[in-house]
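What follows is the residue order along each chain.
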Amino acid sequence: MYLLLPKPNLANYQGYSVAIFDRNDQLLRISLARDDRYRLYTPIDDIAEHLQRATILYEDQNYYAHSGVDYPALVRAFWQTYVLQERRIGASTIVMQVARLRWNIPSQELSGKIEQIFRALQLARHYSKKELLEAYLNLAPYGGNIQGIGAASLIYFDKPASALSLAEAITLAVVPQNPNWRNPSTSKGIAAIAVAKEPLLERWLAQYPRTEAALRLANVPLFVRKAKNLPYSAPHFVQHLLSQQPQNFAMSSSQSTASGQKIKGTIDLKLQNRLEEVLQAYITQNQSRGFNNASALLLNSKTMHIEAMLGSADFDNASIQGQVNGTTAKRSPGSTLKPFVYALAIDAGLIHPMTMLKDLPKKYAGFAPENFGKGFVGPISAQDALIRSRNVPAVELQSQLLKRQALLSSQANPEKVLTFYDFLKAAGITQLRERDFYGLALALGGGEVTMLELTELYAMIANLGAHKRAVSTYWVSAEEVKSNASDKHNLVSPEAAFLVFDMLTKNPKPDAPTAFYNGPDRENKHQVAWKTGTSWAFRDAWAVAISGDYVLAVWIGNFTGEGNNAFIGRTAAGPLLFKLLDAVNRYQSTQFDPIRLQQLDLKWVDICKTTGDLYKSECPEKSKTLFIPGVSPIKTANIYRKLWVDNITGLRRCDQNSALAKQKIYAFWPTEFQSLFAQAGVHIEKPPRFMPNCGFDDIVAEGDKPQIISPQSLLNYVVESSLKSIVSIPLQANADAQASYLYWFANGQFIGNNDLSDTSNHTPLIWKAKTGDYEVQVSDDLGRSASVSVQVQAVK
């Protein structure tokens, strides 16, 4: 009857453990299977040959001679056990033992023994001897709850079955015959194994006499690890790695293939342990400042491999919720997203690194961003605004990106411009709400990202704009490699990515006045481009760096969301970032592949350092910047102007008579900067007035027309008709330094004027607007004007 049964499954009828290894094959964790056993399926070709030979010599010397049942041995055993009733002896072949283990047959009973014999014949009919030996070595008990040679070699000797030495193979070969008494993890078991090995050693020497020297080592005491001492290293990474596997894959896996239970992760355990030591020491040293928890993630930007993942300061510390993985938890990133606003602005042709931005008080439809220190610095280069993390310039750039997108989308063949929100969506940032929920606060930490998502974004800078997903599995199938490659897409240009990287390298270390690894020979030096962030109410302190092949992110805070005034990116997370970077560099030298400028479409140009515009001789300080030809906004400066000043009156002449006047350079700062300088107590020498005989055309030709700040042309102003019939709109404009007054009009009707000479008055003119469409115009006292279209709507 058994001979007619179909081919039985010897592998995937039961669950298996999952073993997680680091990139260097160091065991991180091995789990229990569903039945609380350690079991790893191992193909016969991955099992040491001397273990196979030793097992056959000890268990079934005639293995390759019989058909699965050794009939002469069975007769001897039956005669001695049941007829003579002497000491019970066994006659089970390896195939019969496979049958007993596969179907849990009670072979000590006569009926069970008969079933075992027929099941063995069934197996021999369907499987080769090699396949059955493989099945036995995967089903055999090796003491305690360890089943199979794969789990036994890994647990006891911390190595795969293919790497077992002869001494280790001899030791394990005798265990399955009496696994409880010969358990290698107990002292009694070791003693019992020593006795059981003697006949096997004699047989081995008779069979393989040339191995006598190696055989002497079989009696040398071996270090055997107990199952209770198995590691659980990098627990946050292990949990993350398993979460990335297919949904039907769990720690008690039921998959049948060898690769289904062994996963090689991307982390380096030695480096992981070193970084854990540094992070824990830093937290201990700063406990007086209220530092109790931190997370860190190290990503190789070339391979996108996660090489270290520190989810918390202490996985086992319940008081800090240590089992929460801070690298995959959503947190406010503070200002760490600002570099990507600047990259988008560079690609949109809004700025180059030295473009002069305005750090001034400004409102955006009710949103008035402030800086960390509450103050404003006035004119500031894009590079310094990014490094010093000024909020208003970042918000203004977001606003300009929105305006640029709206303008281009109205054209017949619109050019695509990514807004910052679109960029984050394209980068795969998860759980983003609708665009209007964030407004312009998105780059200031208004949204939430995970540390893993953040490091992927910074790796995009290192990879010249190519955004790719992080990888936690070292080995993947060909299909998965193709899928990962298809995820690669450029979100910013290579030139914009490099310029942002270069800007961030100018950011000084927390404890140094100059940038780290930044000098004139920067192309040949290892540079660190880094940025910090502090979330609202001091809940999160961030620091992220690009260093060589690596992106490293650090977070300090509390998983409860409790704030701490000491949780400041630069002073809390920054020092830890560089301590960890130092550990990475000491552990292994990073091969930094410098980005050569000739590979990119970038050019050097002379600029005026204080304005960011093209250099002219009037500028007091010349500098250089990189720009993208045909994209970057390079224009001639008009702040510094050379005037002819009358020798007697000190007034400005229009006839350029060198006999009656001398040339002098003045700075014509717009009115909004003049007001800020006045607030800061900075004296700016005002240009002299024109002489009375100067013509009106001479006066107007020199200056710039006003620039309207408020109202904004792309905003619809709303009147809630149920409450009131008008809306208050502030009128603000930036005027040339020569102007003394600004006059405001709505559809030709005069509204009021601003006295620009009174720099102490910061109150804007308020326009009480009713519903309707308006053309708002501003003119200075020299006749220069500008206008915007405004719509005021009623909402019920």
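Note that the structure is predicted; figures quoted are calculated from it, not measured. (Residues numbered from 1 in each chain as written. Predicted model: local features only at pLDDT ≥ 70, side-chain atom pairs only at ≥ 80, totals over all residues. Heavy atoms only, no water.)

### Regarding the pattern of salt bridges
Counting across every chain of the model gives 23 salt bridges. Arg39 is the partner of Asp35 in a salt bridge, and the nearest nitrogen-oxygen pair spans 2.6 Å. A residue is classified by how much of its surface remains accessible, and Asp35, at 41% relative accessible area, is partly exposed. Ionic pairing is found between Glu49 and Arg53, a salt bridge with its closest N-O pair at 2.6 Å. Separated by 4 residues within a single helix, Glu49 and Arg53 lie in helix H1 (residues 49–59), roughly one turn from each other. Residue Arg53 is classed as partly exposed on the basis of its relative accessible area of 34%. Through salt bridges that share partners, Asp646, Arg653 and Asp655 make up one connected network. (Salt bridge = Lys/Arg side-chain N within 4 Å of Asp/Glu carboxyl O. Buried < 20%, exposed > 50% of the residue type's maximum accessible area, 1.4 Å probe, protein only. Helix = DSSP H or I, 4+ residues; strand = E, 2+ residues; numbered from the N terminus.)

### Quick word on helix H5 (residues 129–139)
Most of H5 is tucked away, with 9 of its 11 residues classed as buried. Of the positions making up H5, those classed as buried are Lys129, Leu132, Leu133, Glu134, Ala135, Tyr136, Leu137, Asn138 and Leu139. If you follow the buried residues of H5, they end up packed against H1, helix H3 (94–103), helix H4 (110–126), strand S4 (146–147) and helix H6 (149–157). (Contact = heavy atoms within 4.5 Å.)

### Looking at the packing of H1 against helix H8 (residues 187–207)
Where H1 meets H8, the closest approach of the two axes is 10 Å, and the angle between their N-to-C directions is 110 degrees. Comparing their axes, H8 and H1 come out roughly perpendicular. Our pair here, H1 against H8, has a crossing hand that is right-handed. Residues His50, Arg53, Ala54, Leu57 and Tyr58 of H1 form the contact with H8, whose own contacting residues are Ala196, Leu200, Arg203, Trp204 and Gln207. Residues belonging to the contact of H1 with H8 are distributed by class as follows: 6 nonpolar, 2 polar and 2 charged. (Axes fitted to C-alpha atoms, helices over the stretch in contact; angles between N-to-C directions. Parallel < 35°, antiparallel > 145°, perpendicular 65-115°, else oblique. Left-handed = near helix turned anticlockwise from the far one by under 90°. Nonpolar A, V, L, I, M, F, W, Y, C, P; charged D, E, K, R; others polar.)

### Remarks on the nonpolar core
Counting residues in hydrophobic clusters, the biggest one holds 80 residues, and the most contacted among them are Phe340, Tyr342, Ile351, Phe420, Phe423, Leu424 and Tyr458. Residues in contact with Phe340, not counting those within four places in the same chain, are Phe420, Phe423, Leu457, Tyr458, Met460 and Ile461. Counting 63 residues, the second largest nonpolar core, distinct from the first, contains Leu10, Ile146, Ile170 and Leu201. (Core = buried A, V, L, I, M, F, W, Y, C linked by side-chain atoms within 4.5 Å.)

### Structural notes on the sheet that holds strand S14 (residues 550–557)
Sheet strands associate in pairs through backbone hydrogen bonding, adopting either a parallel or an antiparallel arrangement. Here we have 5 strands laid out as an open sheet, ordered S7-S6-S14-S13-S12, and antiparallel in their pairing. Because the sheet does not close on itself, it has two edges, and the strands there are strand S7 (306–310) and strand S12 (528–534). Each neighbouring strand pair of the sheet contributes to a mean axis angle of 10 degrees, computed without reference to strand direction. Where S12 meets strand S13 (residues 540–547), 7 bridges bridge the pair, whose relative direction is antiparallel. (Pairing = 2+ DSSP bridges.)

### Overview of the state of the cysteines
Applying the stated criterion across every chain, the model contains 2 disulfides. Each sulfur of the disulfide joining Cys608 and Cys619 lies 2.0 Å from the other. The sign of the S-S torsion, about 80 degrees, decides the handedness of the disulfide formed by Cys608 and Cys619: right-handed. Separated by 11 residues along the polypeptide, Cys608 in strand S15 (residues 603–608) and Cys619 in the loop between S15 and strand S16 (622–627) bring together distant segments of the chain. There is no split in this pair, since Cys608 and Cys619 are both buried. (Disulfide = S-S within 2.5 Å.)

### Observations regarding the side chain of Arg182
Following the sequence through the fold, Arg182 ends up in the loop between helix H7 (166–173) and H8. With no salt bridge to any partner, buried Arg182 finds its closest opposite charge in Glu59, at an N-O distance of 6.4 Å. Separated by 2.7 Å, the side chain of Arg182 and the backbone oxygen of Val174 make a polar contact. Setting aside residues up to four positions removed in sequence, Arg182 forms contacts with Tyr58, Val174, Val175, Gln177, Gly189, Ala192, Ile193 and Ala196. (Lys, Arg positive; Asp, Glu negative; His and termini not counted. Polar contact = N/O pair within 3.5 Å; in protein donor to acceptor, adjacent residues only side chain to side chain.)

As far as function goes, none of this settles anything; it's purely spatial.
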